[in-house]
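# Coordinates in review
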Amino acid sequence: MLETRKKTMIAMILAGGQGSRLGVLTQKIAKPAVPFGGKYRIIDFTLSNCTNSEIDTVGVLTQYMPLELNAYIGNGQPWDLDRQNGGVSILQPYVKGKRGEWYTGTANAIYQNMHFIEASHPDYVLILSGDHVYKMNYDLMLSHHKAKGADCTISVIQVPYEEASRFGVMSCDENEKIYEFEEKPEHPKSNLASMGVYIFTWDKLRDYLIKDEGNPESENDFGKNIIPAMIKGGENLYAYKFSGYWKDVGTIESLWEANMDLLDPDMSISLYDPPWKIYSKNPVKPPQYIGKEADIKTSFITEGCVIEGQVIKSIISQSVKVGKGAIIYNSIIMPGADIQDGAVVEYAIIGEESIIGKNAKIGDCRDIENPEKTPLITVIGQEIKIGQGVRISAGFMVDKDTDKDTEKVEV
């Protein structure tokens, strides 16, 4: 039976998206389960934010390729969410009576799990995405919500105007009250971008979810339907301005950039922050071994690794092998990958359990004439074998074993 003790606020994490922009990295796993930072998964940030904000009842809504994500979260113990009174629950679409349906949108996903929310009798519901990298105290946001007497509070961050069209954009008055919301506008009127973090007063949200579900023309989406309907209905919506580090890692470029930011001491996404620890579920591994000829600079080296080559400004996940004479430069190597002797990997993401054969060459997009130019990132999928001496050009995505060179990509 579901928990019935009253909660002030519970969290619902939307973690069912396919993450198609990550290409081969999400062919077999959901985007929130993609490895990050050597020993984490992307969803660790959202789950850890909940724990650090003392939110002890969390629903994780999964759908696309959920097996690995479900197994990873398990009973929630690594995030202190293995509670008898609350804890973490995996919420997937299921058959109701004689029918069942996939989640058709973010709002529909919450609508289909209203019974889970109602069991905790919450005053407020926190809606989160499972694919963002950031540290945030949701309790401070709730205090802002209460102080404003808001029906909905949306966390926002300032972005350059040229990037604003990628986000939901808010227009606010001098009191931070939202009077207009545009989902990915072609010509944005503001640069306050939605972070996909919402606090709703539950009684109010429930009414709008029911009304939206009854509208056959709705896309059942928070940004496209629920929030515009609340503004049109005269509800009190307020912005909560966030000034810390936040990145939507929904593209190859942003995933690579966020990993590289971990290696930059000037960035505010440090993992060495005891008061706001990022928790994760990791199997016990032996200490990393660094060979006598190895050369490592400005990199993360995780447990269980064997490093005998050169690693520069890179993220090396658990149980990775880097052979003699191999070079890893500005790259992300995911768990269990094997970079064999003499291989060179530059500006690349190597998927879990993949093998890069001896003397293979992956990537390389250093532009001597334009050193500030964003590089093309080469991506090798999960459990892929690249043959000995094979050259994979910058910007390629490889989704199957190959022993042949790729054609050069025009930069």
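Whatever comes next refers back to the structure up there.
The rules behind each value
- Residues numbered from 1 in each chain as written.
- Predicted model: local features only at pLDDT ≥ 70, side-chain atom pairs only at ≥ 80, totals over all residues.
- Heavy atoms only, no water.
- Pairing = 2+ DSSP bridges.
- Helix = DSSP H or I, 4+ residues; strand = E, 2+ residues; numbered from the N terminus.
- Buried < 20%, exposed > 50% of the residue type's maximum accessible area, 1.4 Å probe, protein only.
- Contact = heavy atoms within 4.5 Å.
- Salt bridge = Lys/Arg side-chain N within 4 Å of Asp/Glu carboxyl O.
- Phe/Tyr/Trp six-rings, centres within 6.5 Å; stacked < 30°, edge-to-face > 60°.
- Lys NZ or Arg CZ within 6 Å of the ring centre and 35° of its normal.
- Axes fitted to C-alpha atoms, helices over the stretch in contact; angles between N-to-C directions.
- Parallel < 35°, antiparallel > 145°, perpendicular 65-115°, else oblique.
- Left-handed = near helix turned anticlockwise from the far one by under 90°.
- Nonpolar A, V, L, I, M, F, W, Y, C, P; charged D, E, K, R; others polar.

## Comments concerning the sheet that holds strand S26 (residues 344-346)
Either a parallel or an antiparallel arrangement is found when strands of a sheet pair, and the pairing is made through backbone hydrogen bonds. Strand order in the open sheet formed by six strands is S17-S20-S23-S26-S29-S32, with parallel pairing between adjacent strands. Bordering the open sheet on either side are strand S17 (295-297) and strand S32 (391-392), each of which pairs with just one other strand. Note: S17 against strand S20 (residues 310-312), three bridges, orientation parallel. Paired with Ile296 across the strands is Val311, a residue of S20.

## Some details on the side chain of Asn52
Structurally, Asn52 is set in helix H1 (residues 43-52). Exposure remark for Asn52: the relative accessible area of 17% places this residue in the buried category. Look past the residues within four positions of Asn52 in its chain and what remains in contact with it is Trp276, Lys277 and Tyr279.

## Let's talk about the environment of Asn85
Residue placement: Asn85 occurs in the loop between helix H2 (67-73) and strand S5 (87-91). Taking relative accessible area as the criterion, Asn85 reaches 22% and is therefore assigned partly exposed. Each C-alpha atom of the pair Asn85 and Ile349 lies 40 Å from the other, and the pair is 264 residues apart in sequence.

## Digging into the pattern of salt bridges
Close approach of charged atoms lets side chains of opposite charge pair. Per the counting criterion, the structure on display carries 20 salt bridges. Lys135 is the partner of Asp273 in a salt bridge, and the nearest nitrogen-oxygen pair spans 3.6 Å. One end of the pair, Asp273, is in the loop between helix H8 (252-261) and strand S16 (289-290); the other, Lys135, is in the loop between strand S9 (132-134) and helix H5 (138-148), and 138 residues separate them in sequence. For Asp273, a relative accessible area of 28% gives the class partly exposed. A salt bridge links Lys148 to Glu176, with the shortest nitrogen-to-oxygen separation between them at 3.9 Å. Of the two residues, Lys148 sits in helix H5 while Glu176 sits in the loop between strand S11 (168-172) and strand S12 (178-183), which places them 28 residues apart along the sequence. Members of the salt-bridge network, linked through shared partners, are Lys7, Asp56, Asp80 and Arg83.

## Brief notes about the packing of aromatic side chains
Counted under the stated rule, the structure contains ten aromatic pairs. Seen in terms of ring centroids, Tyr72 and Trp79 are 5.5 Å apart; in terms of plane orientation they differ by 65°. Their pairing is edge-to-face. Given a relative accessible area of 9%, Tyr72 falls into the buried group. When the ring of Tyr329 is compared with that of Tyr347, the centres are 5.7 Å apart and the planes differ by 80°; the resulting orientation is edge-to-face. On the criterion of sequence distance, the pair formed by Tyr329 in strand S23 (residues 327-329) and Tyr347 in the loop between S26 and strand S27 (348-350) is long-range, its members being 18 residues apart. By way of ring pairs, the aromatic residues Phe36, Tyr40 and Phe45 are connected into one cluster. A cation over an aromatic ring shows up here: Arg41 above the ring of Tyr72, its NZ or CZ 5.6 Å from the ring centre.

## So, H1
Taking burial as the measure, the ten residues of H1 include ten buried ones, the bulk of the element. Listed in full, the buried residues belonging to H1 are Ile43, Asp44, Phe45, Thr46, Leu47, Ser48, Asn49, Cys50, Thr51 and Asn52. Downstream of H1 by one or two residues, Glu54 has phi in the positive range, about 65°.

## Considerations on the packing of helix H6 (residues 202-213) against helix H7 (residues 222-232)
Here H6 crosses H7 at 120°, and the two axes come no closer than 10 Å. Between H6 and H7, the angle falls in the class oblique. Considering the relative orientation of H6 and H7, their crossing is right-handed. Contacts from Lys204, Leu205, Tyr208, Leu209 and Asp212 in H6 reach Phe222, Asn225, Ile226, Ala229 and Met230 in H7. Of the residues in the contact of H6 with H7, the class split is seven nonpolar, one polar and two charged.

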